[in-house]
Amino acid sequence: MNFVTGLRCRECARAYPAEALHVCDYCFGPLEVVYDYEALSASLSRESIASGPETIWRYRPMLPVSDLAPIDLGAGFTPLVRADRLAAELGLGELWIKNDTANPTGSFKDRVVSVALTKARELGFKVAACASTGNLANSVAAHAARAGMVSVVFIPHDLERAKVVTTAVYGGHLVAVEGTYDDVNRLCAELASEHPSWAFVNVNIRTYYAEGSKTLAFEVAEQLGWQAPDHVVVPVASGSQLTKLAKGFRELHQVGLLDDEPHVRVSGAQASGCAPVATAFAEGADAIRPVRPDTIAKSLAIGNPADGWYALNEVRSSGGAFEVATDEEIVEAIRLLARTEGIFTETAGGVTIAVLAKLASAGVIRSDERVVAYVTGHGLKTVEALTSLGPSATIAPTLDAFAAAVDLGDSSNESGRP
Ligand SMILES: *Cc1c(COP(=O)(O)O)cnc(C)c1O
Ligand SMILES: [Zn+2]
């Protein structure tokens, strides 16, 4: 039993049953899951959630599945850490990092995949497939292995080495396609109509997949003592994560878990080498012009974002902003976050932190705001971005060599011993 009443077109509001559908037959608009919010209100409480598992599945009533034993590697309930040292460097006040590098396969994609594959199994699918920029590949392969499903995962041929290995290890089919993600995605749309018995998590199961991102809002609100933040910074590839995260805060109020109606300013982060949504924002345009990506933030390299317009709209209507980061700024931001907070993120997180810094210095993000930056993937996935880093010294194994090579300044003072 669940609280889903059906699906609805986001454009023309036509109703559909809760099946493996993702676009409206009439207007080709994307479909969205509809819940019975009154029934949810009556059955949910902060206490009932607190007694649930420390994963996304503590919010199961607000997710579109019935299964009491979901396909679960432990996604979600990742740390929300107060980042005072980073805040001080950026001139901000109350800053938090949602550390989604701590997910089972090292990225936020575990949230959406755990939901999508659980739903797919419920609908009778036995094959799990996806078009991926890298992190989705890792997560689909891992969750399919966990569930005993066959996986068929499609990636662009030029992905980071770590993302290829950490997908292949789970033993499914991994197909590298000579082209960009947008080529991969187009191929998968064709394959999806040819193989209706395959669950493409981000094609024919996308309506359910997207719902998993709401848990990024649910957790932050719960971890802040059931309060919404004032401003969030979210990376944008297809725009699905940002759109559903914003929906998540609103739903918490609808079901009575947040007392006050939240007014969360939502800001979006893109790489300057793939910034179709940020460009539309800067130009005040309504149409999003596709681009050919060229950036080290490969997990965000979607040139023709399916939910780009919705993300743009969410940012505009919430009073947020879009900003972009160059490859150099991405690397600098990865090092800044690591140096100040001890969190190592992949290039997508570098985009988020670089954009956080830029919006802070421009005064768009204010020091009187409670800010949450979403760091969505682990740094070990993209070590290529940091090849210039190495030991601070390489020495012979002697005291003299050490003394000659390393000067710790004041911090090496013997009197400073505990
Ligand atoms: C996929 C991904 C995103 C953004 O996802 P969309 O929902 O497509 O916008 C952000 N960060 C990381 C690390 C990702 O892998
Ligand atoms: Zn429609």
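Scroll up a little and you will see the structure.
Enquirer: What's the story with the site of ligand 1 in this structure? I'm lost.
Expert: Among the 15 residues in the neighbourhood of ligand 1, the closest are listed as Lys109, Asn135, Ser238, Gln241 and Thr376. One nitrogen or oxygen atom from the side chain of Asn135 is found 2.8 Å from an oxygen atom belonging to ligand 1. Compared with its free state, where it exposes 380 Å², ligand 1 has 98% of that area covered by protein. With respect to the pocket detection grid, ligand 1 is positioned in the largest pocket.

Enquirer: I'm lost on the coordination of the zinc ion (ligand 2) in this one. Help?
Expert: Where a metal carries four tetrahedral donors, each ideal angle is 109.5 degrees; where it carries six octahedral donors, the ideal angles are 90 or 180 degrees. Bound to the zinc ion (ligand 2) on the protein side are Cys9 (SG), Cys12 (SG), Cys24 (SG) and Cys27 (SG), at distances that span 2.3 to 2.4 Å. Considering all 4 donor atoms around the zinc ion (ligand 2), angles at the metal cover 96 to 121° and the coordination shape is tetrahedral. Each donor residue of the zinc ion (ligand 2) belongs to the same chain, with the gaps between them written as C-x2-C-x11-C-x2-C. With Cys9 in strand β1 (residues 4-9) and Cys27 in the loop between β2 (15-16) and β3 (31-35), this pair connects stretches of sequence that are 18 residues apart. A relative accessible area of 32% means that Cys27 is categorised as partly exposed.

Enquirer: It is not clear to me how the packing of aromatic side chains should be interpreted in this structure. Could you clarify?
Expert: Remark: the centre distance and the inter-plane angle together describe each pair of aromatic rings, the angle taken between the planes. All chains considered together, the criterion is met by 6 aromatic pairs. Judged by centre distance (5.9 Å) and plane angle (55°), the ring pair of Phe281 and Phe322 falls under tilted. Placement of the pair is Phe281 in helix α11 (residues 276-283) and Phe322 in strand β12 (residues 322-325), with a sequence separation of 41 residues. Ring centres of Trp309 and Tyr310 lie 5.4 Å apart, and the angle between their planes is 90°; this geometry places the pair in the edge-to-face category. For Trp309, a relative accessible area of 38% corresponds to the partly exposed category. On the basis of relative accessibility, which here comes to 14%, the residue Tyr310 falls in the buried class. Seen from the ring of Tyr310, Arg10 lies directly overhead, with NZ or CZ sitting 4.1 Å from the centre.

Cut-off values and rules
- Residues numbered from 1 in each chain as written.
- Chains lettered and ligands numbered in written order.
- Predicted model: local features only at pLDDT ≥ 70, side-chain atom pairs only at ≥ 80, totals over all residues.
- Heavy atoms only, no water.
- Near = heavy atom within 4 Å.
- Polar contact = N/O pair within 3.5 Å; in protein donor to acceptor, adjacent residues only side chain to side chain.
- Areas by Shrake-Rupley, 256 points an atom, 1.4 Å probe, with all protein chains shown as cover.
- 1 Å grid on protein atoms, 1.4 Å probe; cavity = no way out; pocket = protein on both sides within 12 Å on 5 of 7 lines; lining within 4 Å.
- Sits in = over half its atoms within 2 Å of the grid points.
- Donors = N, O, S within 2.8 Å, 3.2 Å for Na, K, Ca; no water.
- Tetrahedral: all angles 85-135°; square planar, octahedral: opposite > 155°, others 65-115°.
- Helix = DSSP H or I, 4+ residues; strand = E, 2+ residues; numbered from the N terminus.
- Buried < 20%, exposed > 50% of the residue type's maximum accessible area, 1.4 Å probe, protein only.
- Phe/Tyr/Trp six-rings, centres within 6.5 Å; stacked < 30°, edge-to-face > 60°.
- Lys NZ or Arg CZ within 6 Å of the ring centre and 35° of its normal.

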